[in-house]
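# Close look at the chain arrangement
Chain by chain, the residues:
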Amino acid sequence: MSRKRPLADGETSRTACARTLIRTGVEEKTGEILPPGRLAERIGWCLDLVSGMAETLIAAHWNAPDVHILASGKDVGGRQLPSNAWMALRRLGWSVTAPAKVNDRIARMAQEQAGRALRSVTWRADMVSGVLATWPGDPAKRATEEWDALRAAVPGGDYLPSSVIKSRTRQIAAFERKTGRLPADVFELEPTPRVAAMLLLAACDAQQATIERSESDPAKALLRLQLPLRPDPRTYKDWTWVACPIALPPTIPANAVLHLPTVRTVGAKVRADLAYTHPVPKTRRTGHTVALGVDWGLNTLLSAGAARLQDDGKITALGTGAQYRAAGVMAKQHRLRRHGEKLRAKNDQYTLIINGDDQHALVSRSALLAREIGRVADRRSNLNNALARSAARWVVDQAIAATATVIYLEDLRSMEARGMGRTHNTRLSQQVRGQIADRTRHLAAEAGIAVVTVPARNTSSHCPCCLTPLRHRKAPDRPTAPGWKWAVCPDPQCAWQGDRDQGAWRRIAARGLAHQSRTITDRATVMMAIRTIVDTMETKAVITRTTGKEDRSKTGPTRNRSPRPAPRRRRAPSPARPQGPAGQRPEGHVSTDRRLPRAAHRHQDVTTISTPTIRHKPRGAALGAGFHLHAHATPPRWETIRTDPATRGPHRIA
């Protein structure tokens, strides 16, 4: 089976991953059907063998010299090391001893997992070495000179988020308070990492595992692998072939090439992370004419809109933009966080009372609390994952609807939550911006759309039409009340005003289109970014207002309207006249029930108004009604500005 597909012009190959579930297996020698529990047990025995060998190998080489030799890419003789981790470890002579009778492919998986873990620690080792070499006098507050020296000592420190540096500083300071001295390196600061229980079948060949796609049904595949018959196999006869049918998810295209997956167990279930390669349209760094600008917010999680670069160099906005609001989801996430904090505090008190006594009466309660803490953490993780998937899908849908070829995101990696109160600071810190950005890149690559990060400086504080510093107010109908939501341009010739987030996405899209020639691709992360801002290019990053708006000037007297609008009518007919002297209920009157409409229809417009007097009560989130009930997104309907060939003037197409 060929592992490569022919590519057409304008296409490139892309490797992605999909999560699947292995429900059953068939013993090829005897034809016995293995139920899910039995299959998970046999795979668990193989997992224990591989993880045990990997942990032993990592512990033997958890030191600076060995890690730097592996990370350098060259052995002692100066020869280039192979890219596969297990081959590099064998070139260096780092062997592993199996506790049972296993074949060479099982040892390969253990060496591959250990090699990846040791290679990944290189960045942390260089980071800690740079922080220790420039240790400040006051770890809580560095001076400007100390920051410059630290960024020069750390590889890639010029673009490293300050939050990462501060977290490492706090970690080293905690070690100093505990031991009274600074650590020598990261290998003294951190213990030997734990090894995840998983089978990296990509390090094997056909003698250990194979995967084939069904010719009759492209939605199915067959995974064959050797599994032990007992937890401590004595001979090779204790290893047998097991065939596992897999139902492929619909996200895997029919023309994709399947690769050997990574198998792991979750309770009594067997999951497989299946990698596949398929052709996708190429993305480009420059040459964009339509771009989608995305701004991060607090209450409004995302604000997005499209802009077009005209032939004469002017940039115009397409439509009024859209919003993705997830206040109800974030409120539920905050409630789970507070609940988890209370459970942890209670469990800490139990631990102090128990004081190592296994016979104490609170031991069972402490174990119960620990399980509940894990469940709350899983719920928070699932909620964050669902929010990231939904928000990323919304962003890419907006770009596709606007026919945009690039998405410009704010680079907020160095943003710190401070100055807005304890509650707002915590909410900012808990947002899943990194997950949303990663999933946006994943989904955008499927459509051939580039994702580029741009600097966030002055995107919300300057006017998108004239770059004048804005004045921020509470709401448009309260021009004298101080606030941050509504922005007004003080320049009388411009006089732009609008929602702060709506102005921010215009600035982001215009800045990206004006600076697209300075887009670079990071070799390590393969991510596109605009690092610096050029003043001459920034002066062109303004939104030019179009003149094709409908003239709404008053041309005649205002039509008289009734001061009492017609009531809402019922769709159901009037009931039959009751028997007796009682009158008939009239038809069509609205119920006297004063229930408020759903939260999705109140105060959800693009233009901001004053803060409502009635506080938003997410009834559905409080009752656990689900995710999408409290994630409100503007549908991808865009207004495109084009040139009318008859009049050679702009006109609007909704």
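Small disclaimer: the values here were computed from a predicted structure and weren't measured.

Next up on the list: the pattern of salt bridges. Taken as a whole and judged by the stated rule, the model has 25 salt bridges. A salt bridge links R441 to D438; its shortest N-O distance comes to 3.4 Å. Of the two residues, R441 and D438 are both situated in helix α11 (residues 433–446); the distance of three residues between them amounts to about one turn of the helix. We classify R441 as buried; its relative accessible area is 18%. When the shortest N-O distance is used, the salt bridge between R511 and E538 registers 2.9 Å. Of this pair, R511 sits in helix α12 (residues 500–514) while E538 sits in helix α13 (residues 535–538), and the two are 27 residues apart along the sequence. Here R511 and E538 have matching classes, each one buried. Several salt bridges share partner residues, and in doing so they unite R90, D104, R105, R108 and D205 into one network.

What follows covers the packing of helix α8 (residues 327–354) against helix α9 (residues 363–401). For the pair α8 and α9, the least separation of the axes is 9 Å and the interaxial angle reads 160°. With respect to α9, the axis of α8 lies roughly antiparallel. The handedness of the crossing between α8 and α9 is left-handed. Taken together, the residues of the contact of α8 with α9 break down into 13 nonpolar, six polar and eight charged.

A word on unusual backbone geometry. Its identity is not glycine, yet T403 carries a phi of approximately 55°, on the positive side. Here T403 is to be found in the loop between α9 and β14 (406–411). Positive phi, normally seen in glycine, also occurs at L467, with a value near 65°. In this fold, L467 is placed in the loop between β15 (450–455) and β16 (471–475).

Attention now goes to the pairing of strand β13 (residues 315–325). Across the eleven residues that make up β13, a large majority, ten, are buried. Both strand β12 (residues 300–309) and β13 contribute to a ladder of eight bridges, which runs antiparallel. Bridge pairing in β13 links T300 to R325. Between β12 and β13, which pair antiparallel one after the other, the connecting turn spans five residues, and G313 there sits at a positive phi close to 90°.

So, on to the sheet that holds β13. Spatially, eight strands are ordered β20-β21-β15-β14-β11-β12-β13-β22 in an open sheet, and the strand pairing comes out mixed. Because the sheet does not close on itself, it has two edges, and the strands there are β20 (519–521) and β22 (632–633). Lying over the sheet, α9 contacts β11 (290–296), β12, β13, β14 and β22, oriented at roughly 160° with respect to β13. Each of β11, β12, β14 and β15 touches α11; the most contacted strand, β15, lies at about 145° to it.

This part is about the packing of aromatic side chains. In the structure shown here, the tally under the stated rule is two aromatic pairs. Relative to F187, the ring of W62 lies with its centre 5.1 Å away and its plane at 80°, an arrangement referred to as edge-to-face. Of this pair, W62 sits in the loop between α1 (36–60) and α2 (64–72) while F187 sits in helix α7 (residues 186–189), placing them 125 residues apart in sequence. Of the residues examined, W62 reaches a relative accessible area of 11% and is grouped as buried. Between Y324 and W394, the ring centres sit 5.7 Å apart and the planes meet at 45°, which makes this aromatic pair tilted. Residue Y324 is located in strand β13, and its partner W394 is located in helix α9; the two are separated by 70 residues in the primary sequence. Of the two residues, Y324 and W394, neither departs from the other in class, the shared state being buried. Lying over the aromatic face of W147, R142 brings its terminal NZ or CZ to 5.4 Å of the ring centre. Directly above the aromatic system of W241 lies the positively charged group of R224, at a separation of 4.4 Å from the ring centroid.

Each value, and the rule that gives it
- Residues numbered from 1 in each chain as written.
- Predicted model: local features only at pLDDT ≥ 70, side-chain atom pairs only at ≥ 80, totals over all residues.
- Heavy atoms only, no water.
- Salt bridge = Lys/Arg side-chain N within 4 Å of Asp/Glu carboxyl O.
- Helix = DSSP H or I, 4+ residues; strand = E, 2+ residues; numbered from the N terminus.
- Buried < 20%, exposed > 50% of the residue type's maximum accessible area, 1.4 Å probe, protein only.
- Axes fitted to C-alpha atoms, helices over the stretch in contact; angles between N-to-C directions.
- Parallel < 35°, antiparallel > 145°, perpendicular 65-115°, else oblique.
- Left-handed = near helix turned anticlockwise from the far one by under 90°.
- Nonpolar A, V, L, I, M, F, W, Y, C, P; charged D, E, K, R; others polar.
- Pairing = 2+ DSSP bridges.
- Contact = heavy atoms within 4.5 Å.
- Phe/Tyr/Trp six-rings, centres within 6.5 Å; stacked < 30°, edge-to-face > 60°.
- Lys NZ or Arg CZ within 6 Å of the ring centre and 35° of its normal.

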